[in-house]
Amino acid sequence: MKPFDYARASRPAQAVDLVASRDEAAFIAGGTELTNLMKDGVLAPGLVVDVSGLPLSDIELHEGRLRIGATARMRQVADHPMVRERFPVISEALLASASPQVRNRAAIGGNLLQRTRCGYYRDVGSPCNRREPGSGCPAIDGQNRQHAILGGSDHCIAVHPSDLAVALSALDSVVLTLGPDGRRSIALKDLHRLPGDTPHRETVLRHGEMITGLEIPESRAARNSRYLKLRDRASFEFAVVSVAAALTLRGRVVTDVRLAFGGIAPRPWRSAAAERALRDQPLTDATVAAAGRALVRDAEPREHNAFKVELVQRALADILSDLGGNR
Ligand code: SF4
């Protein structure tokens, strides 16, 4: 690990000023992601600004919106009774993430900004457009079992790793930030960029802009929400495919449905096409199958990940069966 300077911020504005003042500066909260990347030589910030002590860890319901501070720990949020009752998909996504030790430590804001688990990205001996722009993408013709079937480009087909981001995307969540130009509210679905020809630009955040919290609107659908994660081993593993779903029925007719997917795209993949196929329709095998087909209509599988096209449709059918009360 390369030597670096360390500063501990006591106010959000101070943290922003410190990071904005140096090109090679980064925020750190739980440290469960950045320190790994620093040890592996993937990232080498010259200054690390510790925001873990900032007063940004509250979890509260205010005027119909759940507010979660960026430095709240994964475990705090997952175990919160109000989150479990009114936004179960959030709790389930967090409990399906990482290990108990990591959940005790990792902060919510940092969770959303995790870097991809693409093995080439984390191996500094490999070329990688995301880590080193213009060096190439060995995954396209190499090992791509874990990679994207939607939203990739000729420059990068990595998938986004955060389970929480998928759940938040399904619930129309908003990310609150503070940066050198002031405060912003960013729809979660707009936070992460698709790779295009600039995969190294992963989010719309500007240098020095810090996530301060999240807002998630309450809804009937959010109360009837679930997270299903399929992975190669039962714990401490990233998704091969995941689905976050929220559903409201009148009788057997779908009146509200929100669907987001993980493990298949470079960002949490909200599928308006799949939702359209279900909305105002009876929840039947036929409409669920139509939603699955709409989801993968533009899929571009690679040599080793074509199985995800079928797997994600089966995962969707399974979670809708569960939410629809067919079990
Ligand atoms: Fe790098 Fe993306 Fe290619 Fe992986 S898929 S090697 S992260 S450019």
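Residues numbered from 1 in each chain as written. Predicted model: local features only at pLDDT ≥ 70, side-chain atom pairs only at ≥ 80, totals over all residues. Heavy atoms only, no water.

1. Examining the site of the ligand
Heads up, the condition is: Throughout this document, a residue counts as near a molecule or strand when at least one of its heavy atoms sits within 4 Å of that molecule or strand. Amino acids outside the nonpolar list (Ala, Val, Leu, Ile, Met, Phe, Trp, Tyr, Cys, Pro) and the charged list (Asp, Glu, Lys, Arg) are all regarded as polar, and Gly is one of them.
The environment of the ligand is formed by 14 residues, the closest being C118, C128, C137, H155 and C156. Its residues assigned to classes, the shell around the ligand shows ten nonpolar, three polar and one charged.

2. Let's talk about helix α8 (residues 163–170)
Formally: Think of it in three bands: with a 1.4 Å probe and only protein chains considered, a residue is buried below 20% of the maximum accessible area for its type, exposed above 50%, and partly exposed in between. The way it works is that DSSP assigns letters per residue, a run of H or I at least four long becomes a helix, a run of E at least two long becomes a strand, and they are numbered from the N terminus. In the analysis that follows, any N or O atom pair within 3.5 Å is treated as a polar contact, provided that within protein one partner can donate a hydrogen and the other can accept it, and provided that, for residues neighboring in sequence, both atoms belong to side chains.
By the criterion of burial, α8 is predominantly enclosed, with eight of the eight residues buried. A distance of 3.3 Å separates the backbone nitrogen of L164 from a side-chain oxygen at the start of α8, and that oxygen is part of S162. Of the residues one or two after α8, D172 is the one with positive phi, at around 55°.

3. Some points on the pairing of strand β11 (residues 253–262)
Which entries qualify depends on this criterion: A pair of strands is labelled paired if DSSP reports no fewer than 2 bridges between them.
In terms of burial, β11 is largely enclosed, as eight of its ten residues are buried. Here strand β10 (residues 241–250) runs beside β11; their pairing, made up of nine bridges, is antiparallel. Directly across from R250, in β11, lies its bridge partner V253. Two successive antiparallel strands, β10 and β11, enclose a turn made up of two residues, where G251 displays a positive phi of approximately 65°. Of the pairings in the sheet, the one linking β11 to strand β12 (residues 269–270) comprises two bridges and is antiparallel in character. Opposite A260, over in β12, you have R270 as the bridge partner. Remark: six residues form the turn of the hairpin made by β11 and β12, two consecutive strands paired antiparallel; G263 in that turn has positive phi of roughly 80°.

4. Remarks on the pattern of salt bridges
Formally: Each reported salt bridge corresponds to a side-chain nitrogen of Lys or Arg within 4 Å of a carboxyl oxygen of Asp or Glu.
Following the criterion strictly, the structure yields 25 salt bridges and no others. A salt bridge links E215 to R67; the nearest nitrogen and oxygen atoms lie 3.3 Å apart. Here R67 lies in strand β5 (residues 65–69) and E215 lies in strand β8 (residues 210–217), a separation of 148 residues in the sequence. For R130, the salt bridge is made with E202, and the minimal N-O distance between the two is 3.6 Å. Of the two residues, R130 sits in the loop between α7 (108–112) and α8 while E202 sits in the loop between α9 (188–191) and β8, which places them 72 residues apart along the sequence. The pair formed by R130 and E202 is uniform in burial state, with each residue classed as buried. One continuous salt-bridge network, built from bridges that share partners, spans D172, D256, R258, R270, E275 and R279.

5. Examining the sheet that holds strand β2 (residues 25–28)
Note the cut-off: Here the axes come from fitting lines to C-alpha atoms, over the contacting stretch only for helices, and the angles between their N-to-C directions go from 0 to 180 degrees.
An order of β1-β3-β2 is seen for the three strands of this open sheet, with the pairing classed as parallel. Across the chains shown, the open sheet's two edge strands, defined by having one partner strand only, are β1 (5–8) and β2. Going from strand to strand, the sheet's axes swing by 25° on average, the running direction of each strand aside. Here β1 pairs with strand β3 (residues 47–50) via four bridges, running parallel.

6. Describing the side chain of R103
This is how the line gets drawn: Asp and Glu are treated as the negative residues and Lys and Arg as the positive ones, with His and the ends of the chain left uncounted. Whether two residues are in contact is decided by their heavy atoms: any pair within 4.5 Å suffices.
Take R103: it is sitting in helix α6 (residues 100–105). Despite its burial, R103 remains without a salt bridge, the nearest opposite charge being carried by D79 at 7.0 Å. Among the polar contacts listed, one links the side chain of R103 to the backbone oxygen of L95, at a separation of 3.4 Å. With near-sequence residues (within four places) excluded, R103 lies in contact with R73, M74, R75, L94, L95, S97 and A98.

7. Here we look at the environment of R117
By the element assignment, R117 lies in the loop between α7 and α8. We classify R117 as partly exposed; its relative accessible area is 37%. The sequence separation of R117 and M82 amounts to 35 residues, and the corresponding C-alpha distance is 31 Å. For R117, the contacting residues outside a window of four places in its chain are E33, R122, P161 and F238.

8. Examining the sheet that holds β12
Read from one edge of the open sheet, four strands run β9-β10-β11-β12, paired in antiparallel fashion. Looking at strand neighbours, the two that pair on one side only are β9 (225–230) and β12, the edges of this open sheet. Of the strands in this sheet, β9 and β10 are in contact with helix α5 (residues 88–95), which crosses β9 at around 20°.

9. Side note on the domain arrangement of the protein chain
This is how it is decided: Residue ranges for the domains originate in an automatic or database domain assignment.
In terms of domains, the protein chain is made up of domain 1 (5–52) and domain 2 (221–323). The C-alpha centroid of domain 2 is placed 36 Å from the C-alpha centroid of domain 1.

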